[in-house]
Amino acid sequence: MTDRPTLRVGVDVGGTFTDALLVDEVSGRFRLLKVPSVPDDPSRAVMDAVAGLLEEERRAPAEVRLLVHGTTLGINTLVQRKGTPTGLIVTQGFRDMLELGRGRLPSIHNFNAVNVPPLVGRDMVAEVRERLLASGEVRSALDRAELLDKARMLVDRGAEAIALCFLHSYRNPVHELAAVELIKDTLPGVFVSASHQVWPQAREYERAMATVINAYIGEPISRYYAKVKERLLSIGIVAPVVVTRSAGGVMSVESARQSPIETILSGPASGVSGAASIGGKIDEPRIVCLDMGGTTADVSVVDGAPAYSFETTAAGFTLSVPAIDIVAIGAGGGSVAWVDPSGVLKVGPQSAGAEPGPAAYGRGGVEPTVTDAYLLLGYLDSTNFLGGKIELDMESARAAMESLASRTGETATEVAAQIIEVANSNMYAELMPLLSRQGVDLESFGLFVYGGAGPTQGFMVAEELGIRRVIVPKIPGGMCALGGLLSDVRSEFVKSYFRAGEQVVPSELEDEFSKLEQGALSWLDSQGLVFESRSYVRSADMRYKGQSFDINVAVGSCAWDELREAFHERHESVYGHSDRRGELEIVTLRVHVIGALPRVADGPPAATAEFESVRHRRRSAWFKGGWRSADVYERGAIAVDTVLRGPALVEQYDTTVVIPPGWEVRCDVSGNLLAEYKV
Amino acid sequence: MSLEYGPSGRLESLRNRYHAIVDEMSATLLRTGHTVFIKETGDFSCALVTPQGEVFCAPTRLGMIRIVGMNMATAIAASDPPEEGDIWIANDPWTTGGMSTHLPDVFLWQPVFVDGELLCYVWNFVHVSDIGGRVPGSISPSSVEIFEEGLILPPTRLYKRHEVNEEVLRIVLANTRIPKQTWGDIKAAVAALNIGRRRLIEMVDRYGMEALRSAQEQLLGWAEERAALLIDKIPDGEYRFTDYMEGAGLQGPFGISVALRVSGSKLQLDFSGTSPQVACAYNIPTGGRGPHYYLTTAIVTLLRTWDKNIPYNGGLVRNVSVYLPEGSVVNPRPGAAIGVRAATMHRIYDVVMGCLAQALPGVIPAAGAGQGPVVVVSVPAAEGKDRKVSVVQPLRGGSGGRPHCDGIDGIDITVGSGRNIPTEVLEQEMPLLIHKYGLRPNSAGYGEFRGGLGLELEFEVLCEEAKVACRGLERYRLRPWGLAGGRPGGLGRTIRNRGGDQEIDEGRFDLLSLKRGDRLYFATPGGGGYGDPSRRAESKIRRDLVEERFGDGVGTSERGAGARSEPGRGAGTTPMEDGGSESQPVRVMASFDLGSERMAFDADGGMHD
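Everything numeric here is computed off the predicted structure, so don't read it as measured data.

Draft legend 1. Looking closely at the interface of chain B and chain A. Contacts between chain B and chain A engage 83 residues on the former and 75 residues on the latter. Both faces combined, the contact of chain B with chain A buries some 7,000 Å², and carbon together with sulfur accounts for 50% of it. Together, Ser8, Arg419 and Glu424 of chain B form the three largest contributors to the area buried by chain B at its contact with chain A, with a combined 11%. Inspection of the region where chain B meets chain A yields 11 salt bridges. The partner of glutamate 464 of chain A in a salt bridge is arginine 206 of chain B, with the nearest N and O atoms 3.4 Å apart. Joining chain B to chain A, the criterion identifies 37 residue pairs in polar contact (both at pLDDT 80 or more). For the side of chain B that touches chain A, the element with the highest residue contribution is helix α1 (residues 10–32) of chain B, accounting for 14 residues. Grouping the constituent residues of the side of chain B that touches chain A by class yields 34 nonpolar, 20 polar and 29 charged.

Draft legend 2. The sheet that holds strand β8 (residues 237–245) of chain B, seen in detail. Residue and element names in this part refer to chain B. Within the open sheet, the 4 strands sit side by side as β8-β9-β10-β11. Their pairing is mixed. Here the strands that pair on one side only, and so sit at the sheet edges, are β8 and β11 (320–323). Put simply, the sheet's adjacent strands are angled 20° from each other on average, direction ignored. For β8 and strand β9 (residues 254–263), the ladder comprises 9 bridges, and the chain directions are antiparallel.

Draft legend 3. Fine view of the sheet that holds strand β1 (residues 44–49) of chain B. Residues and elements named next belong to chain B. Spatially, β2-β1-β5-β4-β3-β6-β7 is the arrangement adopted by the 7 strands of the open sheet, whose pairing is antiparallel. Strand pairing shows two members of the sheet lacking a second neighbour, β2 (55–57) and β7 (163–164), which therefore form its edges. Relative to β7, strand β6 (residues 156–160) runs antiparallel, the two sharing 2 bridges. Bridging across to β7, tyrosine 159 finds its partner in valine 164. Strand contacts of helix α6 (residues 209–231): β2, β4 (105–114) and β5 (117–127), with the helix running at about 50° to β5, the strand carrying the most contacts.

Draft legend 4. Structural detail: helix α2 (residues 73–80) of chain A. Residue and element names in this part refer to chain A. Turning to α2, its buried residues are Leu73, Gly74, Ile75, Thr77 and Leu78. On its buried face, α2 sits against β4 (64–71), α7 (204–234) and β17 (312–314). Of the residues flanking the end of α2, it is arginine 81, one or two places downstream, whose phi is positive at about 55°.

Draft legend 5. Local environment of the environment of glutamate 424 of chain B. Among the secondary structure elements, glutamate 424 of chain B is positioned in helix α9 (residues 423–429). Residue classification places glutamate 424 of chain B among the buried positions, given a relative accessible area of 0%. Taking the C-alpha atoms as reference, glutamate 424 of chain B lies 9.1 Å from isoleucine 434 of chain B; in sequence the two are 10 residues apart. When neighbours within four sequence positions are excluded, glutamate 424 of chain B is seen to be in contact with Phe166, Leu167, His168, Ser169, Tyr170, Gln201, Ala202, Arg203, Glu204 and Arg207 of chain A. There is a polar contact of 2.8 Å between the side chain of glutamate 424 of chain B and the backbone nitrogen of arginine 203 of chain A.

Draft legend 6. How the structure looks around the pattern of salt bridges. Per the stated rule, a full pass over the model turns up 94 salt bridges over all chains. When the shortest N-O distance is used, the salt bridge between glutamate 460 of chain B and arginine 139 of chain A registers 2.7 Å. Placement of glutamate 460 of chain B in strand β15 (residues 454–461) and of arginine 139 of chain A in strand β8 (residues 138–140) is noted, with the two residues assigned to different chains. The class for arginine 139 of chain A is partly exposed, based on a relative accessible area of 37%.

Draft legend 7. How the structure looks around the confidence of the model for chain A. Across chain A, the average pLDDT comes to 89, with 96% of residues at 70 or higher. Note on residues 607–613 of chain A: pLDDT under 50 across the span, and 13 contacts to partners over four residues away in sequence or across chains.

Draft legend 8. Representation of the side chain of threonine 84 of chain A. All names here are of chain A. Tracing the sequence through the fold places threonine 84 in the loop between α2 and β5 (86–91). Exposure remark for threonine 84: the relative accessible area of 9% places this residue in the buried category. Residues within four places of threonine 84 in sequence aside, it is in contact with Glu160, Ala161, Ala215, Tyr216, Glu219 and Pro220.

Draft legend 9. Representation of the pairing of strand β20 (residues 511–515) of chain B. Residue and element names in this part refer to chain B. Of the two faces of β20, the one holding Leu512 and Leu514 is buried and the one holding Leu511, Ser513 and Lys515 is not buried anywhere. Two elements, strand β16 (residues 465–471) and β20, share 5 bridges in a ladder whose sense is antiparallel. Opposite alanine 469, over in β20, you have leucine 511 as the bridge partner.

Draft legend 10. View of helix α7 (residues 297–306) of chain B. Residue and element names in this part refer to chain B. Burial analysis of α7 places 9 of its 10 residues in the buried class, the great majority of the element. Of all the positions in α7, only Thr297, Ala298, Ile299, Val300, Thr301, Leu302, Leu303, Arg304 and Thr305 are classed as buried. On its buried face, α7 is in contact with α6, β10 (266–270), β11 and α8 (341–359).

Draft legend 11. How the structure looks around the side chain of threonine 423 of chain B. Considering the arrangement of structural elements, one finds threonine 423 of chain B in helix α9. Look past the residues within four positions of threonine 423 of chain B in its chain and what remains in contact with it is Phe94, Arg131, Leu167 and Glu204 of chain A together with Ile434 of chain B.

Draft legend 12. The arrangement of the nonpolar core in detail. In terms of nonpolar packing, the biggest core is built from 167 residues, with Ile89, Leu164 and Ile586 of chain A together with Val375, Val377, Phe459 and Phe522 of chain B touching the most fellow members. Of all the elements, α7 of chain A adds the most residues to this core, at 13 residues. Residues contacting phenylalanine 522 of chain B, with those up to four places away along its chain left out, are Val375, Leu395, Leu455, Glu456, Leu457, Phe459, Cys470, Tyr476, Arg493, Thr494 and Phe509 of chain B. Counting 83 residues, the second-largest nonpolar core is a separate cluster that includes Ile139, Ile299, Val322 and Ala359 of chain B.

Draft legend 13. Seen up close, the packing of aromatic side chains. All chains considered together, the criterion is met by 22 aromatic pairs over all chains. Pairing tyrosine 374 of chain A with tyrosine 379 of chain A gives two aromatic rings, centres 6.3 Å apart and planes at 50°, and the pair type is tilted. The buried category is assigned to tyrosine 374 of chain A, whose relative accessible area is 2%. Feature note: the residues Tyr374, Tyr379 and Phe623 of chain A constitute an aromatic cluster, connected by ring pairs. Taking NZ or CZ as reference, arginine 17 of chain B lies 3.9 Å from the ring centre of tyrosine 428 of chain A, over its face. Across the ring face of tryptophan 306 of chain B, the terminal group of lysine 233 of chain B is positioned such that the distance to the ring centre comes to 4.4 Å.

Calculation notes
Residues numbered from 1 in each chain as written. Chains lettered and ligands numbered in written order. Predicted model: local features only at pLDDT ≥ 70, side-chain atom pairs only at ≥ 80, totals over all residues. Heavy atoms only, no water. Contact = heavy atoms within 4.5 Å. Buried area = accessible area lost by both parts, 1.4 Å probe. Salt bridge = Lys/Arg side-chain N within 4 Å of Asp/Glu carboxyl O. Polar contact = N/O pair within 3.5 Å; in protein donor to acceptor, adjacent residues only side chain to side chain. Helix = DSSP H or I, 4+ residues; strand = E, 2+ residues; numbered from the N terminus. Nonpolar A, V, L, I, M, F, W, Y, C, P; charged D, E, K, R; others polar. Pairing = 2+ DSSP bridges. Axes fitted to C-alpha atoms, helices over the stretch in contact; angles between N-to-C directions. Buried < 20%, exposed > 50% of the residue type's maximum accessible area, 1.4 Å probe, protein only. pLDDT = per-residue confidence, 0-100. Core = buried A, V, L, I, M, F, W, Y, C linked by side-chain atoms within 4.5 Å. Phe/Tyr/Trp six-rings, centres within 6.5 Å; stacked < 30°, edge-to-face > 60°. Lys NZ or Arg CZ within 6 Å of the ring centre and 35° of its normal.

Structure follows, in structure tokens:
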């Protein structure tokens with residue numbers, strides 16, 4: 001034991017399990033532990049998992065140097081409507097900004113369609129007289145007396161936080177600043193959040209939404225992390241805690257408190273960051289990520305870096321915060337198979353979830369699920385699921401399958417095989433349009449599979465898509481926890497700019513970027529961490545004058561000719577055309593800042609040559625219409641450069657890798673399984 | 001059980017594959033399209049079509065999703081024989097059996113051959129932003145003939161053996177005010193067809209030609225069978241309903257009448273009694289024969305509401321037949337103007353819903369706002385070139401109250417797929433100041449479950465002058481009806497300089513000229529209410545008061561008991577005196593509250609005046 005802290009712990013709190021992953025950054029040794037989540041008190045599971053890991057590895061709490069935390073707490077608070085009671089004050093005439101949103105119904109062709117109720121009820125939204133023009137010029141002054149009256153009214157009605165969103169405040173924050181000061185002076189103790197601080201960009205609904213969410217979930221998140229720190233302290237961990245971001249990277253708890261909306265989709269995002277990081281190391285920079293768990297499969301594209309989306313959905317709300325573009329498909333191991341009135345087999349979107357779970361869990365589930373099909377087809381070993389912690393009940397799975405088979409006139413095995421085929425085609429139907437939207441050419445991409453069911457279904461999905469390479473990371477069940485550990489500290493600093501091309505003065509533009517970089521620098525300083533390096537990336541949102549579609553262009557030089565050229569090239573690659581005579585304008589300047597944390601050493605290979613990867617047994621499994629004898633391997637016993645040929649099954653604590661015939665799999669020096677389709 | 005298709009999951013797998021193809025086509029079109037109409041409004045659609053002309057797969061997510069019931073047989077006959085590498089183009093309603101319903105909707109299709117054998121067609125349309133005619137954008141309510149509405153293209157080869165037909169292209173582009181963007185959108189549609197074709201060929205490699213061919217028929221049969229089971233739930237009988245379009249200019253209100261006949265799993269929509277075609281752009285060219293997609297929206301919505309997993313293809317309407325009198329608004333003779341046909345579609349939806357409401361008490365909502373116009377403003381551009389044009393906002397109203405819950409405030413279900421426009425973006429682009437964009441309190445029909453509120457939009461002109469066009473303003477005179485005791489919804493209004501000395505009620509205007517400082521105010525209709533207002537839950541009343549959605553003692557006729565719950569003449573309440581099948585009972589309808597204005601109108605002779 002040494003006193004020098006070298007351990008990093010990644011934590012991911014999910015609905016069913018809380019994962020904790022311990023990595024020694026010097027030796028690269030790692031260990032994963034999954035404990036059941038505690039929905040009423042999520043920090044308890046975090047503490048239990050971290051304490052359990054340290055004990056299993058016989059390491060001291062003082063050896064922990066950094067704890068990286070990802071959580072769905074923000075989104076849960078939104079879904080359950082359990083945030084801080086919040087009032088919203090807006091420009092007169094725009095009270096229904098939140099409720100109208102962008103005016104799209106979540107389901108069409110449906111008489112019973114309902115809109116998601118706004119986070120702040122209409123009685124908690126107040127209007128005040130004030131108005132700016134689009135240029136930022138004041139048209140009507142802020143009515144201060146009315147503002148205070150309305151703020152008091154909202155507090156009387158129960159608001160503990162007040163969000164402010166005035167039209168065009170991204171251009172000129174004068175009224176919002178005055179309002180913040182007035183409210184703070186008059187109503188101390190009320191949390192005030194102004195839109196120009198949270199999200200200084202045009203589009204009032206999106207900006208108001210970000211501001212309201214900030215006010216609504218900020219306090220619960222801050223309370224939660226205080227609790228986490230307290231609990232960790234109680235087991236002797238004093239290391240700083242950082243939080244994963246929806247757009248990749250991590251930031252301090254204090255920063256998360258300032259801008260909680262940036263953490264809302266952080267769990268799945270860190271899995272993708274982790275996949276991108278591993279992909280980069282093994283010379284697979286272009287991957288499609290498939291994270292398949294119990295209820296959903298999350299899909300995203302990494303082309304060098306993860307693809308981003310500026311319009312994401314959380315708890316039914318459309319948000320404009322940048323986030324790694326992840327599409328959730330309602331197809332997981334728990335997806336329920338059923339037969340429609342015409343006798344056609346369907347799979348999902350309904351899921352058996354964690355409770356009762358698949359029939360094979362033996363907890364009262366009677367409907368056949370994808371997991372039950374895995375079991376019947378020999379993909380899973382009933383005695384070796386999740387390291388033997390759950391014994392799968394073959395009889396219940398078979399009974400469930402037979403009840404379905406009796407309706408389709410097939411055998412239980414045949415219907416199980418059909419479930420897998422339909423599940424694959426469900427993935428195909430969702431994936432192809434997503435990949436097309438991002439311009440992915442499948443021939444040059446690999447499929448990176450993780451999550452509990454990703455490696456089980458992934459090879460078959462690859463065949464369906466026509467992808468010929470599959471990557472199975474060492475810890476498929478701990479990717480979200482790992483992704484955070486491999487991430488750097490990141491943030492983005494933004495300024496509204498609004499200049500037509502001909503008005504751009506390079507020296508002035510240079511100044512603006514420098515100012516943003518200064519802000520970024522002091523933000524990095526405030527993180528309380530030591531960085532190996534700091535870097536910035538400049539970019540600008542630009543568009544054709546008079547249009548409302550911006551595209552983000554990397555800024556190398558501030559010379560207008562070069563910026564214009566960069567815009568046209570980018571426009572061409574995104575939309576397939578550009579108009580070189582069109583007039584341009586710069587809308588927003590951005591500086592993305594990265595504080596690099598020390599690299600984590602590659603772990604020793606899972607097994608050394610002397611372990612000779614023995615197949616410890618064989619099992620019958622169903623492939624391509626018949627039973628085949630498949631070799632069964634223990635993941636931890638597979639040596640570097642071992643080549644496995646399908647049909648084969650690789651079992652490990654967090655998943656089972658199903659390798660169909662035609663695939664050849666090699667274990668690389670880091671313990672990743674790299675597969676190639678040889679047919 | 002009529003379906004026999006190998007293993008139980010095979011058909012679902014192939015359905016998924018086909019869906020992936022139309023979704024990928026749509027994504028390609030959206031990504032590569034040029035104009036706002038494509039990118040923001042999503043006014044396009046893609047489909048896969050059997051060699052016989054039925055849509056066997058249509059997208060449910062991207063683009064306009066009504067294409068599902070369109071039969072392409074006429075267009076296919078006009079492009080016979082199919083040849084490898086040919087892409088056809090058409091926007092002419094009359095040579096395509098009503099496939100295109102107005103000239104900006106440009107359809108393209110391509111046969112897909114594998115080893116010399118025809119598998120199916122890939123198909124799509126794009127709404128191009130201008131196809132010529134007398135006004136920019138090609139659509140004006142006051143057009144009298146189609147020849148005012150732009151270039152008419154009967155089915156024509158745009159590509160021959162994968163090579164673009166330059167002669168045709170030159171004609172097309174010479175007839176639009178924006179050739180570059182128009183060609184950009186058409187190229188996006190071509191790219192989508194080509195990606196669809198490529199994916200289909202890959203699918204043949206995997207599943208074989210025979211399997212895919214028979215899957216097309218199986219998919220249609222599957223949807224047909226599911227639809228039949230659902231239609232069977234509608235009680236047999238005949239149900240009738242009439243409602244009115246307030247129309248354009250001198251073409252005063254004209255009626256849309258329908259009789260819905262249900263017999264087992266078959267439906268007939270008989271539009272006898274519908275107004276003769278009108279001398280303005282509100283006619284819908286349906287081709288006159290089949291269950292055209294503009295006629296069956298309410299039916300398809302009912303089927304999808306009942307079963308969200310029902311396969312989405314032309315099989316859904318195989319059991320629906322129609323009768324469309326020649327020379328009527330719903331089957332006009334060649335030459336009729338059709339630009340604003342979508343406005344009439346809203347009312348067709350309403351009358352079919354009116355019939356369904358009688359057949360299915362407790363299932364169907366009251367009438368929604370029943371309109372979907374878009375406010376468009378043009379201002380002088382800098383440097384005195386062309387004028388600058390922008391959409392201000394789509395004018396939606398509230399949806400109708402429902403048997404189990406209130407209607408939706410500010411969004412009618414029929415227009416729920418579009419998006420609105422951020423005020424901050426609009427004010428950056430146009431010299432306008434938006435004073436108000438929000439819900440319109442008290443505008444809905446009251447009821448146990450009230451209708452959804454309409455919207456208010458008010459803007460001021462900040463430049464020398466501005467022209468405002470708005471096509472398809474409706475429900476300014478005759479209210480969205482209430483149902484089962486619910487009150488009718490509020491009427492739409494347009495007021496210039498509201499509250500000022502020179503306040504002017506502009507009503508359903510076509511085109512307005514405004515000067516600097518003028519304000520224009522729109523109030524959109526609220527939905528009709530559902531159920532007896534006295535049964536409204538205390539908690540809902542309180543909530544509405546607290547949230548200032550629906551006040552107490554506001555004294556509007558929408559809330560009060562002003563209008564009698566007695567349907568007016570022509571509403572289809574009286575038994576048919578002639579025609580109709582004798583064996584089928586004519587049902588006495590549920591109680592509609594059409595509003596006092598409609599009753600006065602009916603008493604005055606209604607449409608027959």
